[in-house]
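Chain by chain, the residues run as shown.
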Amino acid sequence: MTEPGKTTAPASDSADEAAEEKEQTLLEQMGGVSGLIYSSVPVLVFVLLNSLFGLTVAIWGSLGSAALITVARVVRKEPLQPAISGFFGVGIAAFIAYRTGSAKGFFLFGIWASLVYGSVFLASMLVRYPLVGVIWSFLNGHGMAWRSDRKAVFAYNMATLTWVLVFAARFIVQRWLYNEDQTGWLAFARLAMGYPLTAIALVVTVWAVTRAGHRVKKIEADTETEEREIEERLRARYASPPPAD
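A quick note: this is a predicted structure, and the numbers were derived from the prediction, not measured.

Caption draft 1: Expanded view of the pattern of salt bridges. Counted under the stated rule, the structure contains 1 salt bridge. A salt bridge links Lys 104 to Asp 181, with the shortest nitrogen-to-oxygen separation between them at 2.4 Å. Separated by 77 residues along the polypeptide, Lys 104 in the loop between helix 5 (80–100) and helix 6 (108–126) and Asp 181 in the loop between helix 8 (150–179) and helix 9 (183–192) bring together distant segments of the chain.

What follows is the structure, encoded as structure tokens:
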């Protein structure tokens, strides 16, 4: 019963708000829109400085830009984990470039990371624990009830498969460019295959989370109804008067 002067929001509005909240949560886990933008700055700095001043300056320039971005995110009180992981990612890439003595080495860590991530996501599907569903359940504490519903599992499988294809595409294309010594095109591929492919995978992920969420709610509602019916039958059975002699 609603209080005077208050109105109940339509169910469709509530569903839209829930989907929007899910999308915002997923974006936050990735560092938000700003995190996606920040991740491209060290790459652009590295390629620009390498073309102008050489590898050593490019390495220090990329590290310096990554450090500045980390400090800026801390000052702005943005999520710290994406900032730190981004800094260490640039640090590893710069170290590999230094050890190999080649500018293309800066991209080697990301190339092999794509292969590892894609393999892990694929393996999770093979063991019937699609990683998108597992991660979402862990982040939000929703439990694993979705694994008992085929449609929910299918949705999470589709989202997980999308990420597998994203990582596979990044590895294949960038590995080929690495072998061809195309450092400039490597940087372009790193950025071009970052935002667009991530956006596609994120859309599919939001769809999967929303669909699975609806299925889990239906399972919970059906379970509650069944338990209520059992309880009512038991009450009716034991509340009935004993038969007359």
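Caption draft 2: Layout of helix 8. Here helix 8 contains 30 residues, and its C-alpha end-to-end distance of 42 Å stays within 8% of the 44 Å for a straight helix at 1.5 Å per residue. After helix 8 finishes, the residue Asp 181 shows a positive phi value of roughly 60°.

Caption draft 3: Spotlight on the packing of helix 6 against helix 8. Where helix 6 meets helix 8, the axes come as close as 8 Å, and the angle between the chain directions of the two elements is 150°. It follows from the interaxial angle that helix 6 and helix 8 lie roughly antiparallel. Crossing geometry of helix 6 relative to helix 8 is assigned as left-handed. Only Asn 157, Thr 160, Leu 161, Trp 163, Val 164, Phe 167, Arg 170, Phe 171, Gln 174, Arg 175 and Tyr 178 of helix 8 make contact with helix 6, whose side of the interface consists of Leu 108, Ile 111, Trp 112, Ser 114, Leu 115, Tyr 117, Gly 118, Phe 121, Leu 122, Ser 124 and Met 125.

Caption draft 4: Up close: helix 4 (residues 55–75). Taking 1.5 Å of rise per residue, the 21 residues of helix 4 would be expected to cover 30 Å, and the 30 Å separating its terminal C-alpha atoms lies within 8% of that figure. For helix 4, the complete set of buried residues consists of Leu 55, Ala 58, Ile 59, Gly 61, Ser 62, Ser 65, Ala 66, Ile 69, Thr 70 and Arg 73. Lys 77 sits one or two positions beyond helix 4 and adopts a positive phi of about 60°.

Caption draft 5: View of unusual backbone geometry. The backbone of Arg 128 sits at a positive phi, close to 65°, despite the residue not being glycine. With respect to the helices and strands, Arg 128 occurs in the loop between helix 6 and helix 7 (131–140). Phi at Asp 181 is positive, roughly 60°, even though this residue is not glycine.

Caption draft 6: Broad picture of the packing of aromatic side chains. This model, assessed by the stated rule, comprises 10 aromatic pairs. Consider the rings of Phe 87 and Phe 88, whose centres lie 6.0 Å apart with planes at 75°: the pair is edge-to-face. Residue classification places Phe 88 among the exposed residues on the basis of a relative accessible area of 53%. A ring pair is formed by Tyr 117 and Phe 167, whose centres lie 5.5 Å apart and whose planes are at 55°; its orientation type is tilted. Of this pair, Tyr 117 sits in helix 6 while Phe 167 sits in helix 8, placing them 50 residues apart in sequence. Note on Tyr 117: relative accessible area 46%, which makes it partly exposed.

About the thresholds
Residues numbered from 1 in each chain as written. Predicted model: local features only at pLDDT ≥ 70, side-chain atom pairs only at ≥ 80, totals over all residues. Heavy atoms only, no water. Salt bridge = Lys/Arg side-chain N within 4 Å of Asp/Glu carboxyl O. Helix = DSSP H or I, 4+ residues; strand = E, 2+ residues; numbered from the N terminus. Expected span 1.5 Å × (residues − 1). Axes fitted to C-alpha atoms, helices over the stretch in contact; angles between N-to-C directions. Parallel < 35°, antiparallel > 145°, perpendicular 65-115°, else oblique. Left-handed = near helix turned anticlockwise from the far one by under 90°. Contact = heavy atoms within 4.5 Å. Buried < 20%, exposed > 50% of the residue type's maximum accessible area, 1.4 Å probe, protein only. Phe/Tyr/Trp six-rings, centres within 6.5 Å; stacked < 30°, edge-to-face > 60°.

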